[in-house]
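One-letter residues, chain by chain:
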Amino acid sequence: NAGVTQTPKFRVLKTGQSMTLLCAQDMNHEYMYWYRQDPGMGLRLIHYSVGEGTTAKGEVPDGYNVSRLKKQNFLLGLESAAPSQTSVYFCATQPGQGAKEQFFGPGTRLTVL
Amino acid sequence: QQQVKQSPQSLIVQKGGISIINCAYENTAFDYFPWYQQFPGKGPALLIAIRPDVSEKKEGRFTISFNKSAKQFSLHIMDSQPGDSATYFCAASRALNYGGSQGNLIFGKGTKLSVKP
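Residues numbered from 1 in each chain as written. Chains lettered and ligands numbered in written order. Predicted model: local features only at pLDDT ≥ 70, side-chain atom pairs only at ≥ 80, totals over all residues. Heavy atoms only, no water.

(A) Region of the structure containing the interface of chain B and chain A. Counting residues at the interface gives 24 residues for chain B and 19 residues for chain A. For the pair chain B and chain A, the summed buried area comes to about 1,700 Å², and 53% of that belongs to carbon and sulfur atoms. Where chain B packs against chain A, one counts 1 salt bridge. Where chain B packs against chain A, one counts 5 residue pairs in polar contact (both at pLDDT 80 or more). Within the residue set of the side of chain B that touches chain A, elements represented by two or more residues are β4 (30-38) and β9 (86-94) of chain B. Among the elements that make up the side of chain B that touches chain A, the one with the highest residue count is β4 of chain B (4 residues). Per-class residue counts for the side of chain B that touches chain A are 9 nonpolar, 10 polar and 5 charged. (Contact = heavy atoms within 4.5 Å. Buried area = accessible area lost by both parts, 1.4 Å probe. Salt bridge = Lys/Arg side-chain N within 4 Å of Asp/Glu carboxyl O. Polar contact = N/O pair within 3.5 Å; in protein donor to acceptor, adjacent residues only side chain to side chain. Helix = DSSP H or I, 4+ residues; strand = E, 2+ residues; numbered from the N terminus. Nonpolar A, V, L, I, M, F, W, Y, C, P; charged D, E, K, R; others polar.)

(B) Region of the structure containing the nonpolar core. Grouped together as the largest cluster of nonpolar side chains are 24 residues, with contacts concentrated most on Phe 33, Trp 35, Phe 73, Leu 75, Tyr 88 and Leu 113 of chain B. Elements with a contribution of two residues or more to this core: β2 (10-14), β3 (19-25), β4, β5 (45-50), β7 (62-67), β8 (72-77), β9 and β11 (111-116) of chain B. Tallying contributions element by element places β9 of chain B first for this core, with 4 residues. Not counting residues up to four positions away in its chain, the partners in contact with Leu 75 of chain B are Ser 19, Ile 20, Ile 21, Trp 35, Leu 47, Ile 48, Phe 62, Thr 63 and Tyr 88 of chain B. Residues Tyr 64, Tyr 89, Leu 110 and Val 112 of chain A belong to the second largest nonpolar core, which totals 18 residues. (Core = buried A, V, L, I, M, F, W, Y, C linked by side-chain atoms within 4.5 Å. Buried < 20%, exposed > 50% of the residue type's maximum accessible area, 1.4 Å probe, protein only.)

(C) Looking closely at the sheet that holds strand β3 (residues 19-25) of chain A. All names here are of chain A. Ordered in space as β1-β3-β8-β7, the 4 strands form an open sheet in which the pairing is antiparallel. Across the chains shown, the open sheet's two edge strands, defined by having one partner strand only, are β1 (4-7) and β7 (65-67). In this sheet, adjacent strand axes meet at a mean angle of 20 degrees when their direction is disregarded. Summarising the sheet, β3 and strand β8 (residues 73-78) pair through 6 bridges and their orientation is antiparallel. For Cys 23, the partnering residue across the bridge sits in β8 and is Phe 74. (Pairing = 2+ DSSP bridges. Axes fitted to C-alpha atoms, helices over the stretch in contact; angles between N-to-C directions.)

(D) Expanded view of a nonpolar patch on the surface. Together, Ile 18, Ile 20 and Met 78 of chain B line one region of the surface with nonpolar side chains, adding up to about 240 Å² of accessible area. In this structure, Met 78 of chain B sits in the loop between β8 and β9. (Patch = residues over 30% accessible without salt bridge, like charges linked within 9 Å, V, L, I, M, F, W, Y side chains within 5 Å. Areas by Shrake-Rupley, 256 points an atom, 1.4 Å probe, with all protein chains shown as cover.)

(E) Structural view of the state of the cysteines. By the definition in use, this model includes 2 disulfides over all chains. Disulfide pairing is shown between Cys 23 of chain A and Cys 91 of chain A; the S-S distance is 1.9 Å. Around the S-S axis, the bridge from Cys 23 of chain A to Cys 91 of chain A shows a dihedral of about -70 degrees and counts as left-handed. With Cys 23 of chain A in strand β3 and Cys 91 of chain A in strand β9 (residues 87-94), the pair connects residues that are 68 residues apart, well separated along the chain. Classification of Cys 91 of chain A by relative accessible area gives buried; the value is 0%. Covalent S-S linkage joins Cys 23 of chain B and Cys 90 of chain B, the inter-sulfur distance amounting to 1.8 Å. As the torsion about the S-S bond is roughly -90 degrees, the Cys 23 of chain B-Cys 90 of chain B disulfide counts as left-handed. Of this pair, Cys 23 of chain B sits in strand β3 while Cys 90 of chain B is found in strand β9, placing the two residues 67 residues apart along the sequence. (Disulfide = S-S within 2.5 Å.)

(F) Local environment of the pairing of β4 of chain B. All names here are of chain B. β4 sits mainly inside the fold: 9 of its 9 residues count as buried. The pairing of β4 with β9 spans 6 bridges and is classified as antiparallel. Across the sheet, the residue bridging to Tyr 36 is Phe 89, located in β9. Bridge analysis of β4 against β5 gives 5 bridges, and the strand direction is antiparallel. Residue Trp 35 lies in a different strand from β5, and its bridge partner there is Ile 48. Connecting the antiparallel pair β4 and β5 is a turn made up of 6 residues, with Gly 41 showing a positive phi of about 80 degrees.

Any functional reading would require information that these geometric values do not contain.
Spelled out as C-alpha cells, the structure:
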C-alpha cells in the first residue's frame, strides 16, 4: 500500500522545455489536487479533480495543464517551462465529498533554468 | 487576497515549552479548520482539525483553540519536543458545493518551528 506517489522526485529543465509530473494513488480516493509550494508562500492550488475525467482550475493554473484519464492517476503538464515555475510540487488526494482530510505525496522538486 | 493569515513566520521554543501559532480568516463561510505538519523533504500531513461548532479540540499534546467571533484559531503544542521541529500550516475550507469550489483548502503561509534541546 504505497499511498500517494509522485514521479519524478527531482527534475531540472531549461526554459521552454516541457514535462509531465505523475501522481499515482492506491487509496481509491475520488478527489486529487496539485499544489505548488514556494518559500514564504504556503501551498497554492494549481488544478484539481473531483473524479475520473474531470478537472478544474485552482488559484494559480496559468502555464499548467492536467488530465485525469484514470481514477488513480493525476498528471500535471508544463508545456513551456519558465523560471517562475521553479518550485516544489505536491499532489494530494481526498477520499471524497464527506471526508476532508487530504493525503499528500512526497513532492517533486523542479528547477527551471 | 489572502484569506488565511498565519503568524508568526518562524518560532523558536525551548524543549518543554509551549508553542503557539495563530491564524485568522476572513470568510465566515469557512467550516473546517485543519492544521498540517510538514517535515523537511516530506509532504504535509494532517495533524489536527476542528469545526466551528466547538471552541477547543485536544489530541495529545496538540490543541486547537477556535474563536468564531474573532475569526481566529490557534495551535498550541504543549511540552514541545525537538521532534516537533517542522513547518506548520493552518488551512480553512468552505462548505462543500459553496460556489462550486468543492470545499478546496486555503492554506496559510506556514510557520517554521524550531524546538531547542
